[in-house]
Every structure is written in C-alpha cells, then in structure tokens.
There are 2 protein chains.
Amino acid sequence: MVLTEKHKELIERIGVFHEHKGMQPLVGRIIGLLLVHEEGEVSFDEIVEQLGVSKSAVSNALTFLQAKGRCVYSTRPGDRKRYFALKVSDWREDFQKDLENISEIQKFIDEVLEIRTDKNPEFNCNMKDFSNFLGFFKKEIPALFDRFKRQQA
Amino acid sequence: MVLTEKHKELIERIGVFHEHKGMQPLVGRIIGLLLVHEEGEVSFDEIVEQLGVSKSAVSNALTFLQAKGRCVYSTRPGDRKRYFALKVSDWREDFQKDLENISEIQKFIDEVLEIRTDKNPEFNCNMKDFSNFLGFFKKEIPALFDRFKRQQA
DNA sequence: CAGTTAGTTCTGCAAATACAGAACAAAGTT
DNA sequence: AACTTTGTTCTGTATTTGCAGAACTAACTG
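Only a predicted model underlies this, so the values are computations on that prediction, with no experimental measurement involved.

**Let's talk about the sheet that holds strand β1 (residues 42–43) of chain B**
All names here are of chain B.
Turning to step 1, where the next piece is worked out: On the basis of which strands lie adjacent, the open sheet formed by 3 strands has the order β1-β3-β2 and antiparallel pairing. Two strands close off the open sheet at either side, each with one partner strand: β1 and β2 (71–76).
Turning to step 2, where the next piece is worked out: Relative to strand β3 (residues 79–86), helix α2 (residues 25–36) is tilted by about 95 degrees, and along the sheet it contacts β1, β2 and β3.

Printed below as a string of structure tokens:
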C-alpha cells in the first residue's frame, strides 16, 4: 500500500497522541499505521519500510504492543511472514480498562484519608466526596455500556 | 509536621502512580506530600526538606503544577513564605477533563474512517462502533455527575 | 549443506530527562 | 548599607530513553 501525505501526517498525529499517553514514539506510529492501513494487517517489513526505522526497533515495539494485548499477528499458509493487526474488536475492554485505570486514584485517596488527621476538615471532606464519586463512577460503568447497547438497537 | 514511615511510603507510591501518568518523579512526590500533609498547605522549604531535594527542582515542579492548575499557593500576613496546596476542590473539573481526554481518541478514529478504503469492512465497522460509543459516552458525562449529586442528597 | 528469509537479541550511542548546585533577584531586617 | 530570607534561573551532569546496526537464531530453499 502506498501512503499519501494525508496518511503520513495522520500517523504522526496519532503517534504524538500516544506519546502523551506515555508510550514510546515508535509504538504510537505503529498504532497509527495499523489504523490507517487499508488491509488492517501489515507485515513486519512493511512496517520497517513505511516508517523508515530499524528492524530491532520494530521488533521491540511489536513485542510491547502484543504484551499489552493491543496487537496480534496472523500467518498465511506458505508464507513465513507475520501480519500484524490491532485488536480493534476489543475496544470495549480496552476502554473499560482505561476508565478503571484513571479511577485507580481512589485507592490512594482512601489510604490518604485513613492516615490524615482532622486538622483540615474541608480538605478531608473534598477528598471524601471525590472518593465517593469514584466509587459511584466505577459502579456505573457497566450500566453505561448497557445503555449504549440498548440505544443502538 | 513529622512524617511517619507510613506517610513516606504512601508518598512514594503516589509518586510512581503519577510517574506512570507521564509526570516527572518529583512532581508526583509533591502531589503525594500535599495530599498526606495534615495542614494541606506546605511551605516551599518544607517541601525541600521533607523530600530531600534541591530548591531548583522544587521550584520547577511547583511552576509546572501551577501551570497545570493542580496547585495554588497562599500567603500569610507578615510572612513572606508561600504555602502550597492542591486544588482538591476542583476534582469534578479535573476528572471531567481526564474523561474528555481519553475520549479524544474519537477525533482520530473519525479521521481514520474518512480516509480508509472499504477493503476491510469488519475493521471499519468495529471502529465505527467505537466512535459511536465515544460520542455517546461524552454526551453521558454530565448526566453521570447529575445522578451522583442526586444520589448523594 | 550453503544460502536465503524473517525476525530477535545484543551492543553502543545520541539525545532527552531530571535533578544538583551556584549564581542571581527581590524584598525585608538590622 | 550589609545581611538574611525566599525563592528563581542558569549551567552542568548522571541517568534514562529510543533507536541503529551488527551479530545471531530458526526455519525454509535449492
């Protein structure tokens, strides 16, 4: 597949978006490439060529993406190449994991509340509210997915 | 204030949690200290002493936290010191910003869908579903806060 | 079994990060 | 006016990161 300027520019933007999420640059670019590539499946050396990086860097990045469960490869009879693809079908679990991750702060808030004195009741009260909300939020997540499903049908 | 081992250990854990979110180590430790400190307000040089780091590092970290709107300082009459505190009261807006941030991926998904061919309909379909969900999710956020408020009362 | 293909692991390095320490600034104190 | 306090800014550096390139492995091919 030949990438247009538009493709390349979008891959870069998706790359920096993922960099901001803490991923290393190349990992973000690979996610971008796998997203815009028309087949959705891209061979190891097409990744190397399209992104103009070394095999070692691609190997490490793909190992990382597979470990994170964001990426898989398939093979084809009579072809030793691996074709890598994003697990776009898993967006529900992925998104849910993201949500649970950001509400992980509740764990710390609660620990903090346990060891705080009552020298600053307003501070404590705000933190307690936040913790309550996070608990509420986590409980509401499944219902949110349900409502989406119903609204779609 | 004298920090116990428990305090120090919790500050470290809160620190690495924030490091994983992309912040620099000291910034995370300062958030931890401001959370566990009984007064909630901590002077510049108490931060320096409690965390055992240089003034320059603390100065830069606090500038960053203030720029991000996560931290403010107040002063006291007849006292030139600045007392720094987290904006715990802003947790609603902060959390909302976090949610909007993670759903920012929709922007990219939609751009990707626009330039994709229909060579892989299943892939496109999954992405379209995800985009629809993200749209739905963003719309639901205010209602979520409302329900929490009502449930509290 | 020599050569090719497809990818991994190891070694090294250039650039970025995160901080220390010194110099500096601004304001108050004696 | 010299000195102290409360930070900020500048300069240097140890560490970490992110990748390249070479050496390597495993499997297939002629």
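**Description of the UniProt feature "domain: HTH marR-type" (unreviewed entry) in chain A**
Turning to step 1, where the next piece is worked out: UniProt's feature table lists "domain: HTH marR-type" (unreviewed entry) at residues 22–69 of chain A, given in the numbering used throughout.
Turning to step 2, where the next piece is worked out: As a span, residues 22–69 of chain A carries 69% helix and 4% strand, and end to end its C-alpha atoms are 16 Å apart.

**Description of the packing of helix α1 (residues 5–20) of chain A against helix α2 (residues 25–36) of chain A**
In a pair of packed helices, the angle between the axes and the distance between the axes together describe the arrangement.
Residue and element names in this part refer to chain A.
Turning to step 1, where the next piece is worked out: Between α1 and α2, the shortest axis-to-axis distance is 7 Å and the interhelical angle comes to 135 degrees. It follows that α1 is oblique to α2 by the angle criterion. As for how α1 packs across α2, the hand of that crossing is right-handed. On the side of α1, the interface is formed by His7, Leu10, Ile11, Glu12, Ile14, Gly15, Val16, His18 and Glu19, while α2 contributes Pro25, Gly28, Arg29, Ile31, Gly32, Leu33, Leu35 and Val36.
Turning to step 2, where the next piece is worked out: Classifying every residue of the contact of α1 with α2 by side-chain character gives 9 nonpolar, 5 polar and 3 charged.

**So, the pairing of β3(B)**
Residue and element names in this part refer to chain B.
Turning to step 1, where the next piece is worked out: Relative to β3, β1 is paired through 2 bridges, and the arrangement is antiparallel. The residue bridging Val42 from the neighbouring strand is Phe84, located in β3.
Turning to step 2, where the next piece is worked out: Here 5 bridges tie β2 to β3, and the two strands are oriented antiparallel to one another. Of the residues in β3, the one forming a bridge with Arg76 is Asp79.

**Looking at helix α6 (residues 105–115) of chain A**
Turning to step 1, where the next piece is worked out: Along α6(A), the positions that sit buried rather than exposed are A:Ile105, A:Gln106, A:Phe108, A:Ile109, A:Glu111, A:Val112 and A:Leu113.
Turning to step 2, where the next piece is worked out: On its buried face, α6(A) sits against α5 (91–102) and α7 (121–152) of chain A together with α1 (5–20) and α2 of chain B.

**A few points about the interface of chain B and chain A**
Turning to step 1, where the next piece is worked out: Each partner contributes to the interface: chain B provides 50 residues, whereas chain A provides 50 residues.
Turning to step 2, where the next piece is worked out: Around 5,200 Å² of area is buried between chain B and chain A when both sides are counted, 70% of it from carbon and sulfur atoms.
Turning to step 3, where the next piece is worked out: Run the count over chain B and chain A and you get 10 salt bridges.
Turning to step 4, where the next piece is worked out: Here B:Glu111 ties to A:Arg13 by a salt bridge, and the two come within 2.2 Å at their closest N and O atoms.
Turning to step 5, where the next piece is worked out: Across the chain B-chain A interface, the total number found is 17 residue pairs in polar contact (both at pLDDT 80 or more).
Turning to step 6, where the next piece is worked out: When contributions to the side of chain B that touches chain A are tallied by element, the ones reaching two or more residues are α1, α2, α5 (91–102), α6 (105–115) and α7 (121–152) of chain B.

**Focus: the protein's contact with DNA strand C**
Turning to step 1, where the next piece is worked out: Taken together, 16 residues sit near DNA strand C, with A:Lys55, A:Ser59, A:Arg80, A:Arg82 and B:Ser54 positioned nearest.
Turning to step 2, where the next piece is worked out: The share of sugar and phosphate among atoms of DNA strand C within 4 Å of the protein is 58%.
Turning to step 3, where the next piece is worked out: In the model, a phosphate oxygen of DNA strand C is placed 2.5 Å from a nitrogen or oxygen of the A:Arg82 main chain.
Turning to step 4, where the next piece is worked out: Contributing elements (two or more residues each) for the surface near DNA strand C: α3 (44–51), α4 (55–67) and β3 (79–86) of chain A together with α2 and α4 (55–67) of chain B.
Turning to step 5, where the next piece is worked out: Here the residues of the surface near DNA strand C are counted per class, giving 5 nonpolar, 5 polar and 6 charged.

**Points about the side chain of B:Asn126**
Turning to step 1, where the next piece is worked out: Mapping B:Asn126 onto the fold places it in helix α7.
Turning to step 2, where the next piece is worked out: A residue is classified by how much of its surface remains accessible, and B:Asn126, at 16% relative accessible area, is buried.
Turning to step 3, where the next piece is worked out: When neighbours within four sequence positions are excluded, B:Asn126 is seen to be in contact with A:Val88, A:Ser89 and A:Trp91.

**Things to note about the environment of A:Gly22**
All names here are of chain A.
Turning to step 1, where the next piece is worked out: Residue position: Gly22 is located in the loop between α1 and α2.
Turning to step 2, where the next piece is worked out: For Gly22, a relative accessible area of 55% corresponds to the exposed category.
Turning to step 3, where the next piece is worked out: It is 24 Å that separates the C-alpha atoms of Gly22 and Phe137, two residues lying 115 residues apart in sequence.

What counts, and where the lines are drawn
- Residues numbered from 1 in each chain as written.
- Chains lettered and ligands numbered in written order.
- Predicted model: local features only at pLDDT ≥ 70, side-chain atom pairs only at ≥ 80, totals over all residues.
- Heavy atoms only, no water.
- Pairing = 2+ DSSP bridges.
- Helix = DSSP H or I, 4+ residues; strand = E, 2+ residues; numbered from the N terminus.
- Contact = heavy atoms within 4.5 Å.
- Axes fitted to C-alpha atoms, helices over the stretch in contact; angles between N-to-C directions.
- UniProt positions renumbered as here; feature names shortened; annotations may be inferred.
- Parallel < 35°, antiparallel > 145°, perpendicular 65-115°, else oblique.
- Left-handed = near helix turned anticlockwise from the far one by under 90°.
- Nonpolar A, V, L, I, M, F, W, Y, C, P; charged D, E, K, R; others polar.
- Buried < 20%, exposed > 50% of the residue type's maximum accessible area, 1.4 Å probe, protein only.
- Buried area = accessible area lost by both parts, 1.4 Å probe.
- Salt bridge = Lys/Arg side-chain N within 4 Å of Asp/Glu carboxyl O.
- Polar contact = N/O pair within 3.5 Å; in protein donor to acceptor, adjacent residues only side chain to side chain.
- Near = heavy atom within 4 Å.

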